[in-house]
Amino acid sequence: MNGYFITFEGSEGCGKTTQIEALAKALEAQGKTVLITREPGGTLIGEKIRNLLQDPSHKNDISDMTELLLFSASRAELITSRIQPALARGEIVICDRFYDSTFVYQGLGRAIDMNIVEQLNQITVGTLKPDLTILLDLDAKIGIERAKSRQSGELDRIENESLAFFEAVRNGYLELAKKEPERFKTIDGLLSVDAIKKIIWDTVVDQF
Ligand code: Z5A
């Protein structure tokens, strides 16, 4: 595989979608081929799993372990059918969330045994690892407000979790970034869209 794999992480409303679109446009303007994808989703089956996972009417129907397995199933499908082939063709893959989300949302947020999360990750992902992970760090309260304003007040199944859940998620991300400083670039999500765009661009061009 000789492509380049970039993932974006952060809690709700931190600005991933905004920045992914801008980065892809800038890379394409330089003649690069870019695949943008997302988790959960990104494939026919993955998008069906995404709908299940986000449907607020399933609030009490999905156990924590089922949730973990559904995120993993969506990831397995995405890796095999889209990410690995694109990397093999030498493309740049930008993925909105990847396994770090599982560590913080299911491992910390849902308090599932980390050994189980790690084992499942090993099975699903194998040796595939992002070359670069952009973490947009944002206060949980502000992120929820942003998500609410974007979706005209309607929150999905996971977005309906408590503030404490999202604070655990935020702190979990910061811990992961501390453990792998060579992979993570942490950026203050409170900065303006343009300021974040510039930091990301400077970080990415450094890699090529
Ligand atoms: N999840 C999980 O639990 N386990 C897993 O393994 C995986 C995922 C892979 C996916 O939701 C959910 O699945 C997510 C984690 C869980 N759950 N939650 N909750 P998603 O992908 O649909 O949603 P999201 O990842 O939380 O992102 P989002 O809400 O779509 O937000 P975003 O993409 O990070 O931000 P945005 O859409 O670019 O911006 C949000 C708003 O803020 C919008 O109005 C922007 O104009 C505004 N914005 C953006 N940047 C700025 C700045 N810099 N300043 C001010 N305003 C800004």
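Here's what I pulled together on the structure shown here. (Residues numbered from 1 in each chain as written. Predicted model: local features only at pLDDT ≥ 70, side-chain atom pairs only at ≥ 80, totals over all residues. Heavy atoms only, no water.)

**Considering the side chain of arginine 110**
Structurally, arginine 110 is set in the loop between α4 (99–109) and α5 (114–125). Among the residues examined, arginine 110 registers a relative accessible area of 13% and is labelled buried. Setting aside its immediate chain neighbours within four residues, arginine 110 contacts Asp64, Glu67, Tyr105, Arg157, Ile158, Glu161 and Phe165. (Helix = DSSP H or I, 4+ residues; strand = E, 2+ residues; numbered from the N terminus. Buried < 20%, exposed > 50% of the residue type's maximum accessible area, 1.4 Å probe, protein only. Contact = heavy atoms within 4.5 Å.)

**A few points about the site of the ligand**
Around the ligand, the surrounding shell holds 28 residues, and the nearest of these are Glu12, Lys16, Thr17, Thr18 and Arg50. Between cysteine 14 and the ligand, the recorded distance is 3.3 Å, taken from a backbone N or O atom to an oxygen atom. The contact in question runs from an oxygen atom of the ligand to an N or O atom on the side chain of threonine 102, over 2.6 Å. Expressed as a share of its isolated accessible area of 1,100 Å², the protein-covered part of the ligand is 85%. Counting residues per element, the ones that place at least two in the shell around the ligand are α1 (16–29), α2 (44–54), α3 (64–88), α4, α6 (140–150) and α8 (193–205). Take the shell around the ligand: its biggest share by element is four residues, from α4. Of the residues contributing to the shell around the ligand, the split by class is nine nonpolar, ten polar and nine charged. (Near = heavy atom within 4 Å. Polar contact = N/O pair within 3.5 Å; in protein donor to acceptor, adjacent residues only side chain to side chain. Areas by Shrake-Rupley, 256 points an atom, 1.4 Å probe, with all protein chains shown as cover. Nonpolar A, V, L, I, M, F, W, Y, C, P; charged D, E, K, R; others polar.)

**Considerations on the packing of α2 against α3**
Relative orientation of the contacting elements α2 and α3 amounts to 160°, with a least axis distance of 9 Å. Taken as axis vectors, α2 and α3 run roughly antiparallel relative to one another. The crossing of α2 and α3 is left-handed. Along the contact surface, α2 presents Ile45, Gly46, Ile49 and Leu53, while α3 presents Glu67, Leu70, Phe71, Ala73, Ser74 and Glu77. Of the residues that constitute the contact of α2 with α3, the class distribution is six nonpolar, two polar and two charged. (Axes fitted to C-alpha atoms, helices over the stretch in contact; angles between N-to-C directions. Parallel < 35°, antiparallel > 145°, perpendicular 65-115°, else oblique. Left-handed = near helix turned anticlockwise from the far one by under 90°.)

**Some thoughts on the packing of α4 against α5**
Two elements in contact, α4 and α5, have axes separated by 10 Å at closest approach and are oriented at 155°. What the angle tells us is that α4 and α5 run roughly antiparallel. The way α4 lies across α5 gives a crossing that is right-handed. Residues Tyr99, Thr102, Phe103, Gly107 and Leu108 of α4 form the contact with α5, whose participating residues are Met114, Val117, Glu118, Asn121 and Val125.

**Thoughts on the pattern of salt bridges**
The full count for this structure, using the stated rule, is 16 salt bridges. Of the charged contacts, one joins arginine 170 and aspartate 137 as a salt bridge, the two residues approaching to 2.8 Å between their closest N and O atoms. A residue pair is termed long-range when its members are at least 10 positions apart, and arginine 170 in helix α7 (residues 163–179) and aspartate 137 in strand β4 (residues 132–137) qualify at 33 residues. The salt bridge involving lysine 197 is made with aspartate 194; its shortest N-O contact spans 3.4 Å. Highlighted residues: lysine 197 and aspartate 194, both in helix α8, separated by three residues, approximately one helical turn. Residue lysine 197 is classed as partly exposed on the basis of its relative accessible area of 37%. Through salt bridges with shared partners, a single ionic network connects Asp64, Glu67, Arg110 and Glu161. (Salt bridge = Lys/Arg side-chain N within 4 Å of Asp/Glu carboxyl O.)

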